[in-house]
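What the coordinates show
This is what each chain is made of:
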There are 2 protein chains.
Amino acid sequence: MLPSDSAMQKFLERLLSRSALDPAEQQAILNLPCNVLQMRARRDIVSPGETVSNACLVAKGLVARFDQMRDGRRQIVGFHIAGDMCDLHSVVAPTAGWGISALSGATILHVPHSALRAIAVEFPAIALAFWRDSTVDASIIAKWVGNLGRQDARARVAHVLCELGIRMERAGVAASRTCFVLDATQEQLADAVGLTAVHVNRTIQRLRRDGLIESRGHTVEVKDWPALAQTAEFDPAYLLLDDNARWTTQPSAIRTHGSGQ
Amino acid sequence: MLPSDSAMQKFLERLLSRSALDPAEQQAILNLPCNVLQMRARRDIVSPGETVSNACLVAKGLVARFDQMRDGRRQIVGFHIAGDMCDLHSVVAPTAGWGISALSGATILHVPHSALRAIAVEFPAIALAFWRDSTVDASIIAKWVGNLGRQDARARVAHVLCELGIRMERAGVAASRTCFVLDATQEQLADAVGLTAVHVNRTIQRLRRDGLIESRGHTVEVKDWPALAQTAEFDPAYLLLDDNARWTTQPSAIRTHGSGQ
DNA sequence: CGGCACATTGACGTGCATCAAACCGTGTGG
DNA sequence: CCACACGGTTTGATGCACGTCAATGTGCCG
């Protein structure tokens, strides 16, 4: 199996974890054309403001979407791991202000917008699956707004660790949420949580001293998940990974509770 | 014309400003069923964590999506004005962690998910238009992350003012970006920019003293737009309102530049 | 062994939070 | 027509979380 096939398979699994697709639809995903791209650490994959005609599927490594200020300072807006199509939304919005950067060495698959759009038009279920997948990313970003706006340094760092633990476990990138490789420098982490590298350092040390985590090199080990989740006010609902909420194109039969109507 | 018709018309116009739809598709939007709902100021339209089966179209008033912390403190994640379907994404993600609240008195149309999903499945162009519309909201939220993480109080407040000015002008809610009604208290504004009401107050006073804005009651008048945009580092690109970027379902003929392939 | 990127530590400054009081406009009831 | 209450704005005093700057430590790689 080619590495590109395996990555597309992971992307399909990510979609299937939230949307039901029939065999033909699944095959359409797997048949997507792509170019493999090797990125060194700290290289920008997409520059801020660029108009792109491909989406980027992460096959390996840690990738971040970021916003850049006039003075060059960066704010990371989201992390992406293997199996994430990190700018799937670029299919419907190819010119945006953000950039995408490889934090670690990374393997990227470029998938043409035209191909993605073609299968979205041909298969309504795929269009909804893409929309839903984009919505998950948006939900994560929304949670980050709350994290940045209303939480202190300790909670912010804890929250990012919880999120990445869960997501890596889910994607099969890490064995468990309590032990994973976080291939980012403290400066990059600082760019994600809206702090300085110095303060992130002190915050991590405090989490270590309090027995919540340990870390050697880039490996993070969560020693006390409940406590970490507690200080982060972490509730995984926003990641939309509840298997019971998996959807077909006509979900009215599945869940009909709620307030309205 | 019923008020509900006029609101649906505004929603259609918002979609059309970014996506081309043929007459049948436009009619499908206008035929969407809905219930009118009057909300008093400070009432929650959707509670955090609720599962909904209707999307909320804002017909009048100012509405906010928010995240809530354990201690009850809130972080507003986005503002919505007339013509915005403020939780269109709920069609593909009906259970989410956030809530929606009316900041001012507001008129809301409840549109059943089932109806929205039905026309998205029937008309691929509508599915893409919905996805694109959601992406605009996501892009705004992403910009807020940068705003909260890397800008000081002055820039944050200025940025929100610029954004709302442009959006209200665009939606026909305000005559111009430099003069609009912002029906929110300073405390609500504080919840949006991640500050306290006291500090927002002092920040606004500074913007006034520096001659960037004036405000009487809830009316904001921008006296020096370039200066305000400058301090906010405001670049409207993220709002995706460039008319040249308006899209059909098969846009390959329209723009094919960019980096990839 | 030297160089380099990153982690760590310390001293000091500041932007914003916090708390508390006064002020102001508006609606309400006597 | 005044007394009052109430939500919102404004002001001041004080404290702390985090930023800034600068030095030192540490592991990795050539």
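A brief structural summary. Quick caveat: nothing in here was measured; it's all calculated off a predicted structure.

Conventions and cut-offs
Residues numbered from 1 in each chain as written. Chains lettered and ligands numbered in written order. Predicted model: local features only at pLDDT ≥ 70, side-chain atom pairs only at ≥ 80, totals over all residues. Heavy atoms only, no water. Phe/Tyr/Trp six-rings, centres within 6.5 Å; stacked < 30°, edge-to-face > 60°. Buried < 20%, exposed > 50% of the residue type's maximum accessible area, 1.4 Å probe, protein only. Lys NZ or Arg CZ within 6 Å of the ring centre and 35° of its normal. Helix = DSSP H or I, 4+ residues; strand = E, 2+ residues; numbered from the N terminus. Least-squares fit on C-alpha atoms with pLDDT ≥ 70 in both. Contact = heavy atoms within 4.5 Å. Core = buried A, V, L, I, M, F, W, Y, C linked by side-chain atoms within 4.5 Å. Near = heavy atom within 4 Å. Polar contact = N/O pair within 3.5 Å; in protein donor to acceptor, adjacent residues only side chain to side chain. Nonpolar A, V, L, I, M, F, W, Y, C, P; charged D, E, K, R; others polar.

The next point concerns the packing of aromatic side chains. In the structure shown here, the tally under the stated rule is 10 aromatic pairs over all chains. With a centroid separation of 5.9 Å and 80° between ring planes, the pair formed by B:Phe234 and B:Tyr238 is classed as edge-to-face. For B:Tyr238, a relative accessible area of 2% gives the class buried. Members of the aromatic cluster, joined through ring pairs, are A:Phe11, A:Phe130 and B:Trp131. Taking NZ or CZ as reference, A:Arg65 lies 3.8 Å from the ring centre of A:Trp98, over its face.

Turning our eyes to something else, we now look at unusual backbone geometry. All names here are of chain A. A positive phi angle is found at Glu-233, which is not glycine, with a value near 50°. In this structure, Glu-233 sits in the segment after helix H8 (225-232). By relative accessible area, which is 23% here, Glu-233 ends up partly exposed. Positive phi outside glycine occurs at Leu-240, with the angle close to 55°. Among the structural elements, Leu-240 can be located in the segment after H8.

Moving on: the relation of the copies chain B and chain A. For the pair chain B and chain A, the relating rotation is 180°, the translation along its axis is 0.0 Å, and the fit reaches an RMSD of 0.0 Å. What the rotation and shift describe, once combined, is the action of a two-fold rotation axis. Here 98% of the contact residues of chain B are again contact residues in chain A; the copies associate through an equivalent surface.

The next subject is the nonpolar core. Judged by nonpolar contacts, the single largest core of 100 residues is most densely connected at A:Phe79 and B:Phe79. Apart from the residues within four sequence positions on either side, B:Phe79 is in contact with B:Leu62, B:Val63, B:Ala64, B:Asp84, B:Leu103, B:Trp144, B:Val160, B:Leu164, B:Arg167, B:Leu189 and B:Ala192. Counting residues in each nonpolar core, the second largest holds 62 residues, with A:Ala28, B:Leu21, B:Leu109 and B:Ile119 among its members.

A word on the protein's contact with DNA strand D. With respect to spatial proximity, 16 residues lie near DNA strand D, and among them A:Ala153, A:Thr196, B:Gln186, B:Asn201 and B:Gln205 are the closest. Close to the protein, within 4 Å, the atoms of DNA strand D belong to sugar or phosphate groups at a rate of 73%. A:Ala153 has a polar backbone atom sitting 2.9 Å from a phosphate oxygen of DNA strand D. Here B:Arg42 contributes a side-chain N or O atom positioned 3.5 Å from a phosphate oxygen of DNA strand D. Mapped onto the surface near DNA strand D, the elements with two or more residues apiece are helix H7 (197-209) of chain A together with helix H7 (197-209) of chain B. Per element, the largest residue contribution to the surface near DNA strand D is 5 residues, and it comes from H7(B). Within the surface near DNA strand D, the residues separate by chemical class into 4 nonpolar, 7 polar and 5 charged.

Another point: the protein's contact with DNA strand C. For DNA strand C, the set of nearby residues contains 16 residues, the closest of which are A:Gln186, A:Asn201, A:Gln205, B:Ala153 and B:Thr196. Among all atoms of DNA strand C positioned within 4 Å of the protein, those belonging to sugar or phosphate total 70%. In this structure, a phosphate oxygen belonging to DNA strand C sits 3.4 Å away from a side-chain N or O atom of A:Arg42. Within the side chain of B:His199, an N or O atom sits 3.4 Å from a phosphate oxygen of DNA strand C. Considering each element in turn, the surface near DNA strand C owes the most residues, 5 residues, to H7(A).

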